[in-house]
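Take a look at the letters that make up each chain.
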Amino acid sequence: RDTVSLDERVQTYDVDFQHRFALPLRQEIVWGLGYRLTSDRFRNSANTIVLKDARDISLYSAFLQDEIKLIPDRLSLTLGSKLLHNDYTGFEVQPSARLLWQAAKAHTFWTAVSRAVRTPDRFRENSTLNVAGTGAGFVKVQGNDQLQSEAVMAYELGYRTTPFEQLSLDIATFYTHYDHLTYSSTVNSLTSRYANNASARTSGVEVAADWRPVDWWSLRPALTYFQATMEG
């Protein structure tokens, strides 16, 4: 990335391992490990200043998932979690649970609850942005090395029906709550700082269909209603 305000070079290296095996009582386990190294280099400008212009960032991850067939071909429960260790906030846990019910051959219901995080980044941690063109002249936005991860709790409920082989219909509703969103706080009249002082809620409904009138032609209409509320 080479622009007037910032020159950035990033190299990313990933290593992943995954293993799947079955257990008695109709359980299937999937687990894995991962490591990511991100090496970046920045050239600062008058508009953007990164306090440390070169840094190597490590991300360690692990996950475990257990799919339990409570009633074969009818009811299944999937439990799992992802564990992260990053250089910004340390350990993070992202659990999830999903229940699937095959009520009949053409009717399937499912529900899920999950948690996810978004960790801070280099710019929000230790950079300074000089913003020109405001009524007060130059305004500074400073980084904050005490930021927490943004977190979301997601709740989902869905239904799928296949009235005949060429047509399937999906309906899904969702509600999500975001906490510790990164916004800004005022330091003085000309300076602000990134801070975890915002939250948000979203909800909505998604409807989608997959219709294949003939083998070589498919139609996939979809409609989404989405509502979001933010508090800062």
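Computed from a prediction, not measured in an experiment: that's the story for all the values here.

Further remarks concern the pairing of strand E1 (residues 7-23). Two strands pair when backbone bridges link them, and E1 and strand E2 (residues 27-43) are joined in this way by 17 bridges, in the antiparallel orientation. Following the sheet pairing, Leu 23 is matched in E2 by Gln 27. If you look at the hairpin formed by E1 and E2, you'll find 3 residues sitting between the two strands, and Leu 25 has a positive phi there, around 60 degrees.

What follows deals with the pattern of salt bridges. Applying the stated criterion across every chain yields a total of 15 salt bridges. A salt bridge links Arg 1 to Glu 8, with the shortest nitrogen-to-oxygen separation between them at 3.8 Å. Its relative accessible area of 57% is what places Arg 1 among the exposed residues. Residue classification places Glu 8 among the buried residues on the basis of a relative accessible area of 17%.

Here Thr 48 is to be found in strand E3 (residues 48-50). The residues touching Thr 48, leaving out its near neighbours within four places in the chain, are Ser 5, Leu 6, Phe 123, Thr 128 and Leu 129.

How each quantity is defined
Residues numbered from 1 in each chain as written. Predicted model: local features only at pLDDT ≥ 70, side-chain atom pairs only at ≥ 80, totals over all residues. Heavy atoms only, no water. Pairing = 2+ DSSP bridges. Helix = DSSP H or I, 4+ residues; strand = E, 2+ residues; numbered from the N terminus. Salt bridge = Lys/Arg side-chain N within 4 Å of Asp/Glu carboxyl O. Buried < 20%, exposed > 50% of the residue type's maximum accessible area, 1.4 Å probe, protein only. Contact = heavy atoms within 4.5 Å.

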